[in-house]
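# Close look at the chain arrangement
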Amino acid sequence: MNLNELTITEAKKKLADKEISAVDLVGACIASIDKHDADVHAFLEVFNDEAFAQARVIDKQRTAGEELGDLAGIPLALKDNILMRGKKATAGSQILEQHIA
């Protein structure tokens, strides 16, 4: 099973059923990015440390039985025209290549 190829619905169910962890899911997605992005150049930045830190928090919350949102623990990619505080936001423009939101 390639975790990075799960649909959101499949990943949500596997996380809820504790068949996989958020850390497993993040790891699979980052491994796929590492493997393929040199060829496709889809990602300007990947926030590995933050993704794993957030996944660990979600896993602890899930283990503690806390109520979690539907997308808790599911990695996502954002186009860089959506601003994230403290992160680059170029909107694909060289003029904005150093813009930090």
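Anything mentioned here points back to the structure above.
One structure accompanies this document, and this report is about it. (Residues numbered from 1 in each chain as written. Predicted model: local features only at pLDDT ≥ 70, side-chain atom pairs only at ≥ 80, totals over all residues. Heavy atoms only, no water.)

### Quick look at the packing of aromatic side chains
- Counted under the stated rule, the structure contains zero aromatic pairs.
- Looking at Lys-87, its charged tip hangs above the ring of Phe-47, at a distance of 4.3 Å from the centre. (Phe/Tyr/Trp six-rings, centres within 6.5 Å; stacked < 30°, edge-to-face > 60°. Lys NZ or Arg CZ within 6 Å of the ring centre and 35° of its normal.)

### Digging into a nonpolar patch on the surface
- On the surface, a nonpolar cluster with roughly 370 Å² of combined accessible area is contributed by Leu-76, Leu-78, Ile-82 and Met-84.
- Mapped onto the elements of the fold, Met-84 is located in the segment after helix 3 (48-63). (Patch = residues over 30% accessible without salt bridge, like charges linked within 9 Å, V, L, I, M, F, W, Y side chains within 5 Å. Areas by Shrake-Rupley, 256 points an atom, 1.4 Å probe, with all protein chains shown as cover. Salt bridge = Lys/Arg side-chain N within 4 Å of Asp/Glu carboxyl O. Helix = DSSP H or I, 4+ residues; strand = E, 2+ residues; numbered from the N terminus.)

### A look at the nonpolar core
- One finds Leu-3, Leu-6, Leu-15, Ile-20 and Leu-25 to be the most contacted residues of the largest nonpolar core, which totals 14 residues.
- Those elements that provide at least two residues to this core are helix 1 (8-16), helix 2 (22-40) and helix 3.
- Element by element, the count of residues in this core is highest for helix 2, at five residues.
- Once residues lying within four places of it in the same chain are set aside, the contact partners of Leu-25 are Leu-3, Leu-6, Ala-11, Leu-15, Ile-20, Gly-73, Ile-74 and Pro-75. (Core = buried A, V, L, I, M, F, W, Y, C linked by side-chain atoms within 4.5 Å. Buried < 20%, exposed > 50% of the residue type's maximum accessible area, 1.4 Å probe, protein only. Contact = heavy atoms within 4.5 Å.)

### Description of helix 1
- Where helix 1 is concerned, the buried positions are Ala-11, Lys-14 and Leu-15. Taken around the axis of helix 1, the buried residues stretch over an arc of 100°, which confines them to a single face. Turned more than 90 degrees away from the buried face of helix 1, the exposed residues are Thr-9, Lys-13 and Ala-16.
- Looking at the packing, one finds that the buried side of helix 1 touches helix 2 and helix 3.
- Downstream of helix 1 by one or two residues, Lys-18 has phi in the positive range, about 60°. (Arc of directions from axis to C-beta.)

### Side note on the pattern of salt bridges
- Counting across every chain of the model gives four salt bridges.
- Lys-13 serves as the salt-bridge partner of Asp-17, at 2.6 Å between the closest nitrogen and oxygen.
- With relative accessibility at 52%, the residue Lys-13 sits in the exposed group.
- Across the pair Lys-87 and Glu-50 runs a salt bridge, and its minimum N-O distance is 2.6 Å. Note that Lys-87 is positioned in the segment after helix 3 and Glu-50 in helix 3, a separation of 37 residues in sequence.
- Classification of Lys-87 as buried rests on a relative accessible area of 15%.

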